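As a plain string of letters, each chain reads:
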Amino acid sequence: MWRFISVRLLQAIPVLLAVITVTFFLVRVAPGGPFDSEKAVIPEVKAALEKQYRLDLPLFQQYTAYLGDLASGEFGPSFKYPGRSVNELIGAGLPVTAELGFYALLVAVLIGGLAGVIASLRPNTAQDYIPMSLAMIGICMPSFLLGPLLVLLFGIELEWLPVSGWGDIPGDKILPSITLGAGYAAYIARLSRAGMLEVLSQDYIRTARAKGLPEWQVVTKHALRGGLMPVVAFLGPAFAGLLAGSFVVETIFQIPGLGRFYVQAAFNRDYTMILGTTVFLSTLIVFFNLLSDIMAAWMNPRLRHQLGGAS
């Protein structure tokens, strides 16, 4: 197992290095700069700012200097927020984004898992077609469309739920969590249905039914663990995707999270904030992918034995 983890971590190094390199040079070749604004800056002040943030150095020297900062765990100072580092801004926005991602994942697992299991019990019937059709709609509907629709219905027409904020008004976390988790609920529904159908066709399930066990015991005690293994493998990348893809929902519902900082950094051409957030989110994606693989191996005795033998 430790060998497996070590190999995966070594494989992540060139991936992260490629992400850093591509992002660094893309933001540098984009039109405009962090000090270009409607208010003109005199050349002397602009030259002093560029020297302070090392923008006066050749591009490759800026790149190597930034790699040196990353090696020490520093993402550098923010261009938009003087006196504050990117590490501080990420630390301020991450708890909100993580909480939103957790609630969205909870919505996705509960709704998607339940829909998939129910659909698998009677395949090719209305009990199967209805939740899977809704899952297909959830996959096809992006969050920037679903969010305003939920705001229009539950916030403006019915006036049941708040339409903005986070933690200030009771119920203001419901609509963002549903908006962010709906698409992942659809994927989980399809994964759990496919996994349950495969497990329910196994011989040991037929044996359990032949012994006269109630159907709910067959499903919960014998089929559920194996049937939901594809979902477990999906949870790690899903949570990382929820964190990385929350900027649309945070913008719609005015949530002060990491995604909103990311959007503002793009508009403000805040180089270090864009780079730091991208590197941080890429690291989270790698970490949660590895974590999901470990969880899948732990739930699969055969794979756990193979990895244990390989270590």
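Residues numbered from 1 in each chain as written. Predicted model: local features only at pLDDT ≥ 70, side-chain atom pairs only at ≥ 80, totals over all residues. Heavy atoms only, no water.

Which parts of the structure should I look at to understand the overall build of the chain?
Broken down by element type, the chain carries 14 helices and 0 strands. With respect to the principal axes defined by its C-alpha atoms, the chain has extents near 85 × 60 × 30 Å. Once local pairs closer than 6 in sequence are excluded, the contacts in the chain between residues at least 24 apart make up 72%. For the chain, the computed accessible surface area is about 16,900 Å², with 67% contributed by carbon and sulfur atoms. Of the side chains in the chain, 22 bear a positive and 20 a negative charge, and the two mean positions are spaced by 12 Å. (Helix = DSSP H or I, 4+ residues; strand = E, 2+ residues; numbered from the N terminus. Contact = heavy atoms within 4.5 Å. Areas by Shrake-Rupley, 256 points an atom, 1.4 Å probe, with all protein chains shown as cover. Lys, Arg positive; Asp, Glu negative; His and termini not counted. Charge placed at Lys NZ, Arg CZ, Asp CG, Glu CD.)

What should I look at first to understand unusual backbone geometry in this one?
Note: most residues except glycine have negative phi, and most peptide bonds are trans. In this structure, Q254 is a non-glycine residue whose phi angle is positive, near 55°. Within the secondary structure, Q254 sits in the loop between α11 (247–252) and α12 (258–268). If you check the backbone angles, R269 has positive phi at about 55° while not being a glycine.

I would appreciate a short explanation of the pattern of salt bridges in the present structure.
In a structure, side chains of opposite charge can pair up when their charged atoms sit close to one another. Scanning all chains against the criterion turns up 5 salt bridges. With a shortest N-O distance of 4.0 Å, R84 and E88 are connected by a salt bridge. Given a relative accessible area of 43%, E88 falls into the partly exposed group. The partner of R193 in a salt bridge is D128, with the nearest N and O atoms 2.8 Å apart. Pair noted here: R193 is in helix α7 (residues 174–200) and D128 is in helix α5 (residues 126–140), with a separation of 65 residues, a long-range link. An identical accessibility class is assigned to R193 and D128; each is buried. (Salt bridge = Lys/Arg side-chain N within 4 Å of Asp/Glu carboxyl O. Buried < 20%, exposed > 50% of the residue type's maximum accessible area, 1.4 Å probe, protein only.)

Teacher, can you tell me more about the packing of aromatic side chains here?
The geometry of an aromatic ring pair is captured by two quantities: the separation of the ring centres and the angle between the planes. Evaluation of the coordinates by the stated rule reveals 13 aromatic pairs. Plain terms: the ring middles of F239 and F288 are 5.0 Å apart, the flat faces sit at 80° to each other, and that makes the pair edge-to-face. With a gap of 49 residues between them, F239 in helix α10 (residues 229–244) and F288 in helix α13 (residues 271–299) connect regions that are remote in the sequence. Both residues of the pair, F239 and F288, belong to the buried class. Put simply, the rings of F24, F25, F60, Y63 and Y66 pair up and form one aromatic cluster. (Phe/Tyr/Trp six-rings, centres within 6.5 Å; stacked < 30°, edge-to-face > 60°.)

Whenever I open this one, the nonpolar core confuses me. Can you help?
A general tendency of soluble globular proteins is for nonpolar side chains to be buried together. Core analysis: the largest hydrophobic core is formed by 44 residues, its most contacted members being Y66, F75, I90, M273 and F280. Breaking this core down by element, the ones donating at least two residues are α1 (2–29), α3 (59–71), α4 (86–121), α6 (143–157), α7, α10, α12 and α13. Ranked by residues supplied to this core, first place goes to α13 with 9 residues. Aside from chain neighbours lying at most four places away, what touches F75 is Y66, L70, V86, N87, I90, T272, G276, V279 and F280. By size, the runner-up hydrophobic cluster in this structure holds 9 residues, among which are I205, A208, V218 and V219. (Core = buried A, V, L, I, M, F, W, Y, C linked by side-chain atoms within 4.5 Å.)

In this structure, what is going on with the packing of α6 against α7? I would like to understand it.
To characterise two packed helices, one gives the angle between the axes of the helices and the distance between these axes. The geometry of α6 relative to α7 is characterised by a closest axis approach of 9 Å and an angle of 145° between their N-to-C directions. Regarding α6 and α7, the two cross each other, and that crossing is right-handed. The segment α6 lies against α7, with S143, L146, G147, L150, V151 and F154 engaging L175, I178, T179 and A182. (Axes fitted to C-alpha atoms, helices over the stretch in contact; angles between N-to-C directions. Left-handed = near helix turned anticlockwise from the far one by under 90°.)

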